[in-house]
Amino acid sequence: MALYPSKFKNPLINWIDSRLPIVTLMHHEYIEFQMPRNINYLWAFGAIGMLLLMLMIGTGIMLAMQYTPNTGLAFASVEHIMRDVNFGWLLRYMHANAGAFFFLAIYVHIFRGLYYGSYQKPREMIWILGVLLYLLMMATGFLGYVLPWGQMSFWAATVITNLFSAFPVVGDPIVTWLWGGFSVDNPTLNRFFALHYLLPFVLLGVVILHVAALHITGSNNPLGIDIKGPQDSVPFHPYVTIKDIFAFCVYLILFSVFLFFMPNYMGHPDNYIPANPLVTPAHIVPEWYFLPWYAILRAIPDKLGGTLAMFAAVLVLFVLPWLDTSKVKSMVFKPLTRFCFWLFVADCIILGFCGANNPEGIWVIASRLGTLYYFGYFLVLLPLLGKIEQPKPLPASISESILKGGGSVHAHGATAQPMEKA
Amino acid sequence: MRTMKSIIFAAAAVAVSFGFAEVAKANEGIELPQQIWAQSGPFGRIDKTQARRGFQVFKEICANCHSLGLVSYRNLRGIGFTEDQVKEIAASAQVQDGPNDQGEMFMRPAIQSDRFVKPFENDKKARVANNGSLPPDLSVIVKARHGGEDYIAALLTGYADAPAGFSVPDGKYYNKYFPGNTVGMPQMLFDDSVTYADGTKATALQEAKDVAVFLSYVAEPTQDERKALGVKVILFLVVFSGLMYACKRQLWAGLH
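Residues numbered from 1 in each chain as written. Chains lettered and ligands numbered in written order. Predicted model: local features only at pLDDT ≥ 70, side-chain atom pairs only at ≥ 80, totals over all residues. Heavy atoms only, no water.

Turning our attention to the overall build of chain A. A tally of helices and strands in chain A yields 16 helices and 2 strands. Taking 422 residues into account, the globule formula puts the C-alpha radius of gyration at 22 Å, and chain A, at 24 Å, falls close to it. Here chain A holds 422 residues, and the buried ones make up 56% of them. Residue pairs in contact within chain A that sit at least 24 positions apart in sequence constitute 79% of those at least 6 positions apart. Surface accessibility of chain A: about 18700 Å² in total, with carbon and sulfur atoms responsible for 73%. Treating the 23 positive side-chain charges of chain A as one cloud and the 20 negative ones as another, the clouds have centres 8 Å apart. (Helix = DSSP H or I, 4+ residues; strand = E, 2+ residues; numbered from the N terminus. Rg over C-alpha atoms; globule rule 2.2 N^0.38 Å. Buried < 20%, exposed > 50% of the residue type's maximum accessible area, 1.4 Å probe, protein only. Contact = heavy atoms within 4.5 Å. Areas by Shrake-Rupley, 256 points an atom, 1.4 Å probe, with all protein chains shown as cover. Lys, Arg positive; Asp, Glu negative; His and termini not counted. Charge placed at Lys NZ, Arg CZ, Asp CG, Glu CD.)

Structure follows, in structure tokens:
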């Protein structure tokens, strides 16, 4: 019976590691793992997302200990958390604001991937798992928003579940099935709570797959070229860990400003009015992180068409690795594609504003043009530009690009070198 | 340079996201008169004296129709009432309790841990007593209205004669700031509607502002604690980020 030949000297760690080489695994993936040495701070946002997921699961479990998923009690139980539970206000505001900051981090993470071509071969699987993660996040965020059972909770649940009724024949039965009845009511709240508790753990599982797939190919970098030798990379620890910790801190400062000084800024005042099925709020708007999708939904003057367009807008991301025909990853070397990318970013922002405003006048036209460009970018521009645009010449290696030809510093010896500048 | 670019990019992303939130809110706006509130801003704190005056206005006027169902009597300690005062305030209300050993429900004076006793047994009774309008619970009203305290103060002092051609239904009143301009609540605050023990002149606006401060407090009794903790947390994070940045520079310096 062979044991795993663990190289750890500590007898306890060695005993565990030779039977379950989890310490070796972690050592390999989070200490020795080679990262391109030219990654910038945009590469910290995946780790920031992970941190926020942990924060949300931690606060969420504690909130669930005090929350009551019943239409008659839910609103009051949230206020019970705010008023009677020790630091309950902190838990609840952390959970609510971390949701928005989780989305913010993931949006930066996604756009970083789009800009530097991180979805291209060989990283297609990482990207596909990432889109799946984003879908799970959206579902979890929506379900969680329903739980406080305020006016916006109730009406968001009603509007979003009703989207499914647009499908012919199967639509209405699907909606009844989702609701567990003939309107959004107690069974809906109960199942939304159960699913809101379940999905984050599914999310965590897919995150592990996302990272596992990443550790097969290694991280992309701003140049989009491969690591060609040890001079191009640094070990994950301490170089990337310290950079990520610094990025965490800066992000947490921003988070804290909202958490402590304007915790309801991103919420809607109507959600402090208990849910009332007989009173429809004047404006039903989703949270800011769903607004571009909401704009696409409303851009099509047909319920089924709008619903399909909205789903298609997310699903098109799954096939992105095959839509982009370019052989060069980073847009640093593709000025024309880069221009289209920044237009795409602007487009998503404009769609966000379209989603926030009432669908009338200029906003209808803007959301239609915005939707057109959204799909055009993926379905026309990326396939065509990849064939047409002649990329600028790529540098021979990462280290050459950084050190301008003098690249011979060996990263592994770096810690032993005297400090050159503080 | 690359670092700077990333930071600018991230900052822009943040600005845009919160721009969305701003637009989503700005959509429904009647211009409200802006008051100065001691509790606004990161370093603002509830003016407890003013909040106690506001409680007086609430107790003598608002509480006749409006409930405060999520707030406990003990929360009054947070605006400077002593334990004995709170016990006395609570004891002046009767709550139903039971069943006792004989199986009967009975009435007893409220204690500190009880929620504020509601003026009506149920919503239907509240409507009957108020021309069909339901006076909303005021526990989180400041958080549940666009404009918060400014809205409360504006609403309470916003009564006027309806403009020519605007017809106000029977049992409704014209108000400049209520959405739709007809509200079920008549003007309740006038000059000297209450007499303040501390000698503050009880103008209608003063009463409105005082009760808005009280309602701001009860909407979130922990708000001062939250802001105080925030200052400490952010100070810590700023110092800690500085240290981490220095560590990062030192580690990476060896690579260049």
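Take the overall build of chain B next. Scanning chain B from N- to C-terminus turns up 7 helices and 4 strands. Listing every helix and strand of chain B by position from the N terminus yields α-α-α-β-β-α-α-β-β-α-α. The buried share among the 256 residues of chain B stands at 43%. Considering only intrachain contacts with a sequence separation of at least 6, the fraction spanning at least 24 residues in chain B is 60%. Of the roughly 13400 Å² of accessible surface on chain B, a fraction of 56% belongs to carbon and sulfur atoms.

As a further point, take the packing of aromatic side chains. Inspection of every chain in the model, using the stated rule, returns 51 aromatic pairs over all chains. Aromatic side chains Phe246 of chain A and Tyr245 of chain B sit 4.8 Å apart centroid to centroid with 40° between the ring planes, which places their arrangement in the tilted category. With one member in each of two chains, Phe246 of chain A in helix α10 (residues 236-261) and Tyr245 of chain B in helix α7 (residues 223-253) form a pair that bridges those chains. What makes Tyr245 of chain B partly exposed here is its relative accessible area of 33%. One Lys or Arg, Lys7 of chain A, reaches over the ring of Phe8 of chain A and ends 5.4 Å from the middle of that ring. Just above the ring of Tyr196 of chain B sits the side chain of Arg53 of chain B; from NZ or CZ to the centre is 5.5 Å. (Phe/Tyr/Trp six-rings, centres within 6.5 Å; stacked < 30°, edge-to-face > 60°. Lys NZ or Arg CZ within 6 Å of the ring centre and 35° of its normal.)

Next up on the list: the packing of α10 of chain A against α7 of chain B. Closest axis-to-axis distance for the α10 of chain A/α7 of chain B pair is 9 Å, and the angle between their directions is 160°. With respect to α7 of chain B, the element α10 of chain A is oriented roughly antiparallel. When the axes of α10 of chain A and α7 of chain B are compared, the crossing they make is left-handed. (Axes fitted to C-alpha atoms, helices over the stretch in contact; angles between N-to-C directions. Parallel < 35°, antiparallel > 145°, perpendicular 65-115°, else oblique. Left-handed = near helix turned anticlockwise from the far one by under 90°.)

Here the focus is the nonpolar core. Soluble globular proteins: nonpolar side chains tend toward being buried together. Formed by 131 residues in total, the largest nonpolar core has its most connected members in Ile48, Leu114, Trp293, Phe344, Tyr374, Tyr377 and Phe378 of chain A. It is helix α5 (residues 88-115) of chain A that contributes the most residues to this core, 19 residues altogether. Each of domain 1 (25-284) and domain 2 (291-387) of chain A contributes no fewer than three residues to this core. Listed in part, the 45 residues of the second largest apolar core include Tyr151, Ala153, Ala202 and Val211 of chain B. (Core = buried A, V, L, I, M, F, W, Y, C linked by side-chain atoms within 4.5 Å. Domains from an automatic or database assignment.)

All right, on to the domain arrangement of chain A then. All names here are of chain A. Under the domain assignment used here, chain A contains domain 1 (25-284) and domain 2 (291-387). The straight-line distance from the C-alpha centre of domain 1 to that of domain 2 is 22 Å. Of the roughly 2800 Å² buried where domain 1 meets domain 2, counting both sides, 72% is carbon and sulfur surface. When the buried area of domain 1 at its contact with domain 2 is split by residue, Tyr115, Gln120 and Leu163 rank highest and sum to 24% of it. The interface formed by domain 1 and domain 2 includes 11 residue pairs in polar contact (both at pLDDT 80 or more). Broken down by secondary-structure element, the contributors of at least two residues to the side of domain 1 that touches domain 2 are α5 and α6 (124-146). Looking at the side of domain 1 that touches domain 2, the element that brings in the most residues is α6, giving 8 residues. (Buried area = accessible area lost by both parts, 1.4 Å probe. Polar contact = N/O pair within 3.5 Å; in protein donor to acceptor, adjacent residues only side chain to side chain.)

Under the counting rule described, the total for this entry stands at 0 disulfides over all chains. Take Cys247 of chain B: it sits in no disulfide, and the sulfur closest to it among the cysteines is that of Cys249 of chain A, at 10 Å. (Disulfide = S-S within 2.5 Å.)

With that settled, consider the pattern of salt bridges. Taken as a whole, this structure holds 12 salt bridges over all chains when the rule is applied. The partner of Asp84 of chain A in a salt bridge is Arg74 of chain B, and the shortest N-O contact between them spans 2.7 Å. Of the two residues, Asp84 of chain A is situated in the loop between α4 (74-83) and α5 and Arg74 of chain B in the loop between α2 (48-60) and α3 (83-91); the pairing between them involves two chains. Among the residues examined, Asp84 of chain A registers a relative accessible area of 28% and is labelled partly exposed. Judged by relative accessible area, Arg74 of chain B falls into the partly exposed class, the value being 33%. A single salt-bridge network, built from bridges that share partners, covers Asp84 of chain A together with Arg74 and Arg115 of chain B. (Salt bridge = Lys/Arg side-chain N within 4 Å of Asp/Glu carboxyl O.)

We now examine the side chain of Glu149 of chain B. Residues and elements named next belong to chain B. Looking at the element boundaries, Glu149 is found in helix α5 (residues 148-156). The side chain of Glu149 sits in the buried core without any salt bridge; Lys227 is the nearest counter-charge, 7.4 Å away. One polar contact links Glu149 to Gln39, side chain to side chain, over a distance of 3.0 Å.

Right, let's talk about unusual backbone geometry for a bit. Residue and element names in this part refer to chain A. Looking along the chain, the bond that leaves Lys121 and enters Pro122 is cis, with omega of 10°. The topology assignment puts Pro122 in the loop between α5 and α6. Residue Pro238 is bonded to the preceding His237 through a cis peptide linkage, with omega at 5°. Topologically, Pro238 is positioned in helix α10. Phi at Phe87 takes a positive value of approximately 55°, unusual for a residue other than glycine.

Here we take up a nonpolar patch on the surface. All names here are of chain A. A cluster of nonpolar side chains, Leu12, Trp15, Ile16, Leu20, Ile22, Leu25, Met26, Tyr30 and Ile31, forms an exposed patch at the surface whose accessible area comes to about 860 Å². Where the nonpolar patch is concerned, the elements lending two or more residues are α1 (11-19) and α2 (22-32). The dominant element in the nonpolar patch, judged by the number of residues it contributes, is α2, at 5 residues. For Leu12, a relative accessible area of 56% gives the class exposed. (Patch = residues over 30% accessible without salt bridge, like charges linked within 9 Å, V, L, I, M, F, W, Y side chains within 5 Å.)

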